[in-house]
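# Structural features, examined
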Amino acid sequence: QVQLVESGGGLVQPGGSLRLSCAASGFTLDYYAIGWFRQVPGKEREGVACISSSDGSTYYADSVKGRFTISRDNAKNTVYLQMNSLKPEDAEVYYCAAAPVCGVTDPEYNYWGQGTQVTVSS
């Protein structure tokens, strides 16, 4: 069964760090660009980062640039999102998704995970 599963979310204090994981099963991530998105109720889903499959190029939203790092380990069929210097506004549900390339619209992503909750609070 084709599946993406996010993990690593939880509660962290402002300024703290978390590493999210996106593990694939039923397909290999080697041939896919993987994007990380986040969303809270009443707010439009926001793309935060993407890593391409062809050359490993990475892209970041301005709101997370310099604080978040996306990486991939194809041997483990997993993509990571390292989140540092977390802010209260980063407290959202984070999703990973697979697409042929970075830069496509949300409906063009082939697979989506169920999300992992990140809470940033003192």
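Being a predicted model, the structure only gives us computed values, none of them experimental. (Residues numbered from 1 in each chain as written. Predicted model: local features only at pLDDT ≥ 70, side-chain atom pairs only at ≥ 80, totals over all residues. Heavy atoms only, no water.)

### Digging into the overall build of the protein chain
- Looking only at helices and strands, the protein chain features 0 helices and 11 strands.
- Listing every helix and strand of the protein chain by position from the N terminus yields β-β-β-β-β-β-β-β-β-β-β.
- Each principal axis of the C-alpha atoms in the protein chain carries an extent, and together these give about 40 × 25 × 25 Å.
- Across the 122 residues of the protein chain, 42% fall into the buried class.
- In the protein chain, of all internal contacts separated by at least 6 residues, the share reaching a separation of at least 24 is 58%.
- Element-wise, carbon and sulfur atoms account for 47% of the exposed surface of the protein chain, whose accessible area totals about 6200 Å².
- Side chains of the protein chain give 9 positive and 12 negative charges; the mean places of these two sets differ by 6 Å. (Helix = DSSP H or I, 4+ residues; strand = E, 2+ residues; numbered from the N terminus. Buried < 20%, exposed > 50% of the residue type's maximum accessible area, 1.4 Å probe, protein only. Contact = heavy atoms within 4.5 Å. Areas by Shrake-Rupley, 256 points an atom, 1.4 Å probe, with all protein chains shown as cover. Lys, Arg positive; Asp, Glu negative; His and termini not counted. Charge placed at Lys NZ, Arg CZ, Asp CG, Glu CD.)

### Description of the state of the cysteines
- Per the stated rule, a full pass over the model turns up 2 disulfides.
- Each sulfur of the disulfide joining Cys22 and Cys96 lies 2.0 Å from the other. Here the disulfide of Cys22 and Cys96 is right-handed, its torsion about the S-S bond being about 75°. One end of the pair, Cys22, is in strand β3 (residues 18–25); the other, Cys96, is in strand β9 (residues 93–99), and 74 residues separate them in sequence.
- A relative accessible area of 0% places Cys96 in the buried class.
- Between the sulfur atoms of Cys50 and its disulfide partner Cys102 the distance amounts to 2.0 Å. With the S-S dihedral at roughly -90°, the linkage between Cys50 and Cys102 falls on the left-handed side. Here the residue Cys50 occupies a position in strand β5 (residues 46–51), and Cys102 occupies one in the loop between β9 and β10 (111–112), the gap between them amounting to 52 residues.
- We classify Cys50 as buried; its relative accessible area is 7%.
- Each bonded cysteine in the protein chain gets a number by its place in the sequence, and the pairs come out as 1-3, 2-4. (Disulfide = S-S within 2.5 Å.)

### Remarks on the environment of Cys50
- Note: C-alpha distance between Cys50 and Ala33 (17 residues apart in sequence) is 6.9 Å.
- Contacts of Cys50, omitting those with residues within four sequence positions, involve Ala33, Ile34, Gly35, Ser57, Thr58, Tyr59, Ile70, Cys102 and Tyr109.

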